[in-house]
Amino acid sequence: MRGKRGKAYKKLMAAYHQTFGFREPYQVLVDTEMVKEATRCTMGLPAALERTLRGTVKPMITQCSIRHLYALSTAEHPNKEGLIAIAKGFERRKCNHHELEQPLPEKECIESVSLKNGHNKHRYVLAVQNKDIRALFRDILGAPTIIINRSVMILEAMNAASRRVRDGTEREKFKAGIVEVQEKKKKKKRGPKGPNPLSVKKKAPKNLAPSDKPAGQAQGGGDTEGNAKKKRKRKHGKGGEGGGQPVSAEAAISSADN
Ligand SMILES: [Zn+2]
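The shown structure was predicted, so the numbers you read here are calculated from the model rather than taken from an experiment.

Caption draft 1: View of the overall build of the protein chain. Helices and strands together make up the secondary structure of the protein chain, namely 13 helices and 8 strands. When the 258 residues of the protein chain are sorted by exposure, 37% land in the buried category. Once local pairs closer than 6 in sequence are excluded, the contacts in the protein chain between residues at least 24 apart make up 65%. Carbon together with sulfur atoms contributes 50% to the accessible area of the protein chain, which is approximately 16100 Å² in total.

In structure tokens:
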């Protein structure tokens, strides 16, 4: 896969590596709807998964899912044998529901093998076409989900909870356990997290500074750009246009608040 999407997926998988400890070969849990949809659009699942995840994969399917495929009516699914053959090519994920007379509904089965205390314990990638099953993972940390949409396999964007962990300060907490992460999130919400008013005021003139470059300030060759800007600011302050600065500060503060 090339282009923008390929780059985005590469970055996304790098984040799953770094923040959530994902490693190749990625264990990809597939549901029966995914097997059907891939077949419908003549997509080879393992190869498509590898292209999408930018790495090697180990597709897996639960015992219950396989039983659901066997239970399909041939009238409704003339390609039933083909679907079963594809699924048999995957590693069979033991769910220990095989002793039940009927297979568990896939949602329950997949939930039971993948989630432990709300945690994607085995670091599964979920290649799941069934909406209800996908919904199980909407708020789970580090749970990459794959769907086929209009014959294109898509790695969905990281969910909000995972993004918060990726982006921040909470990474260490995550390693210590999910409960701590959740507690920290609550605390964060309570805390007023506005911009420091002092720093906002400092920034204000910068925004309105003229964009012309100080070509004549060659004497301070080693100076940073910041120094050059400071000098310019001071000049403007003395320049007599006193009304300009308070107004600009206000504007900057209001824009920072937005
Ligand atoms: Zn099962």
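Caption draft 2: Up close: the pattern of salt bridges. Counted according to the given criterion, the structure contains 5 salt bridges. With a closest N to O distance of 3.8 Å, Lys-58 and Glu-91 form a salt bridge. Of this pair, Lys-58 sits in strand 2 (residues 57-62) while Glu-91 sits in strand 3 (residues 91-93), placing them 33 residues apart in sequence. Arg-134 is the partner of Glu-156 in a salt bridge, and the nearest nitrogen-oxygen pair spans 3.9 Å. Of the two residues, Glu-156 sits in the loop between strand 8 (152-155) and helix 8 (160-167) while Arg-134 sits in helix 7 (residues 131-136), which places them 22 residues apart along the sequence. Residue class for Glu-156 comes out partly exposed when judged on its relative accessible area of 25%.

Caption draft 3: Structural view of the coordination of the zinc ion. Within the protein, Cys-64 (SG), Cys-95 (SG), His-97 (ND1) and Cys-109 (SG) serve as the donor atoms for the zinc ion, at 2.0 to 2.3 Å. For the zinc ion, the 4 donor atoms in the first shell make angles of 100 to 113° at the metal, a pattern classed as tetrahedral.

Caption draft 4: Broad picture of the pairing of strand 2. Counting buried residues along strand 2, 5 of its 6 residues qualify, which places the element largely inside the surrounding structure. Relative to strand 2, strand 1 (residues 26-30) runs parallel, the two being bridged by 4 bridges. Paired with Val-28 across the bridge in strand 2 is Pro-59. Across 3 bridges, strand 2 lies against strand 3 in parallel orientation.

Caption draft 5: Representation of the sheet that holds strand 2 within the structure. Spatial strand order, 3-2-1-6-7-8: 6 strands in an open sheet with mixed pairing. Two strands close off the open sheet at either side, each with one partner strand: strand 3 and strand 8. This sheet shows a mean twist of 30° between the axes of neighbouring strands, independent of strand direction. Relative to strand 8, strand 7 (residues 145-149) runs antiparallel, the two sharing 4 bridges. Counterpart to Ile-146 in the pairing with strand 8 is Leu-155. Lying over the sheet, helix 1 (residues 3-20) contacts strand 1 and strand 8, oriented at roughly 40° with respect to strand 8. This element, helix 2 (residues 32-40), spans strand 1, strand 2, strand 6 (125-127) and strand 7 of the sheet and lies at about 35° to strand 7.

Caption draft 6: The arrangement of helix 2 in detail. For helix 2, every residue scored as buried is listed here: Thr-32, Met-34, Val-35, Lys-36, Glu-37 and Ala-38. The positive-phi residue at the C-terminal boundary of helix 2 is Thr-42, with phi of around 45°.

Caption draft 7: Inspection of the side chain of Thr-62 at higher detail. Residue placement: Thr-62 occurs in strand 2. On the basis of relative accessible area, Thr-62 is assigned to the buried category, the value being 0%. One polar contact links the side chain of Thr-62 to the main-chain amide nitrogen of Ser-65, over a distance of 3.1 Å.

Caption draft 8: Representation of the environment of His-97 within the structure. Tracing the backbone through its elements, the reader meets His-97 in the loop between strand 3 and helix 6 (106-114). Spatially, the C-alpha atoms of His-97 and Cys-64 are 6.8 Å apart, while their sequence positions differ by 33 residues. The contact partners of His-97, leaving out residues within four places of it in the chain, are Gln-63, Cys-64, Arg-67, Leu-104, Cys-109 and Ser-112. At a separation of 3.5 Å, a polar atom in the side chain of His-97 contacts the side chain of Ser-112.

Caption draft 9: Main features of the packing of aromatic side chains. Tallied over the full model, the rule gives 2 aromatic pairs. Ring plane angle 45° and centroid distance 6.1 Å describe the contact between Tyr-16 and Phe-20, whose orientation is recorded as tilted. Separated by 4 residues within a single helix, Tyr-16 and Phe-20 lie in helix 1, roughly one turn from each other. Summarising the burial analysis for this pair, Tyr-16 and Phe-20 share the class buried.

Caption draft 10: Representation of the nonpolar core within the structure. The biggest cluster of nonpolar side chains holds 38 residues, and the ones touching the most others in it are Val-28, Val-30, Leu-45, Leu-49, Leu-53 and Ile-146. The greatest single-element share of this core, amounting to 6 residues, is contributed by helix 1. Setting aside its immediate chain neighbours within four residues, Leu-45 contacts Val-30, Met-34, Val-35, Ala-38, Phe-90 and Met-153. Counting 17 residues, the second largest nonpolar core, distinct from the first, contains Leu-29, Cys-64, Cys-109 and Ile-133.

Definitions and cut-offs
- Numbering of residues begins from 1 in every chain and follows the order in which that chain's sequence is written.
- The model is predicted, so local features are restricted to residues of pLDDT at least 70 and side-chain atom pairs to those at 80 or more, both for listing and for counting; the totals for chains, interfaces and linings are taken over all residues.
- In computing side-chain values, all of the structure's heavy atoms are included and hydrogens and water are not.
- Strands here mean DSSP runs of E at least two residues long; helices mean DSSP runs of H or I at least four residues long; both are numbered from the N terminus.
- Whether a residue is buried, partly exposed or exposed follows from its accessible area with a 1.4 Å probe, protein chains only, as a fraction of its type maximum: under 20%, in between, or over 50%, in that order.
- The contact definition used throughout considers only heavy atoms, calling two residues in contact when any of these lie within 4.5 Å.
- For the area figures, the Shrake-Rupley method with a 1.4 Å probe applies, and any residue is considered shielded solely by the protein chains shown.
- Definition used for salt bridges: Asp or Glu carboxyl oxygen within 4 Å of a side-chain nitrogen of Lys or Arg.
- Because no water is among the atoms considered, metal sites can look incomplete, with donors defined as N, O and S atoms within 2.8 Å of the metal, or 3.2 Å for Na, K and Ca.
- Labels for metal geometry use angle windows, namely 85 to 135 degrees for all angles of a four-donor tetrahedral site, and for square planar (four donors) or octahedral (six donors) sites opposite donors over 155 degrees apart plus all others within 65 to 115; sites meeting none of these are irregular.
- Pairs of strands are assigned from DSSP output, requiring at least two bridges between the strands.
- Between N-to-C directions, angles span 0 to 180 degrees; the directions come from axes that are lines fitted to C-alpha atoms, helices contributing only their stretch in contact.
- Pairs of N or O atoms within 3.5 Å make up the polar contacts considered here, provided that, within protein, one atom can donate a hydrogen while the other can accept it, and that residues adjacent in sequence are counted only when both atoms are side-chain atoms.
- To pair, rings of Phe, Tyr and Trp, with the six-membered ring standing in for Trp, must have centres within 6.5 Å; the planes then decide the type, stacked if under 30 degrees apart, edge-to-face if over 60, and tilted in the middle.
- Buried Ala, Val, Leu, Ile, Met, Phe, Trp, Tyr and Cys residues that are joined via side-chain atoms within 4.5 Å together make up what is termed a nonpolar core.

Honestly, that's just the spatial picture; any functional story needs more than this.
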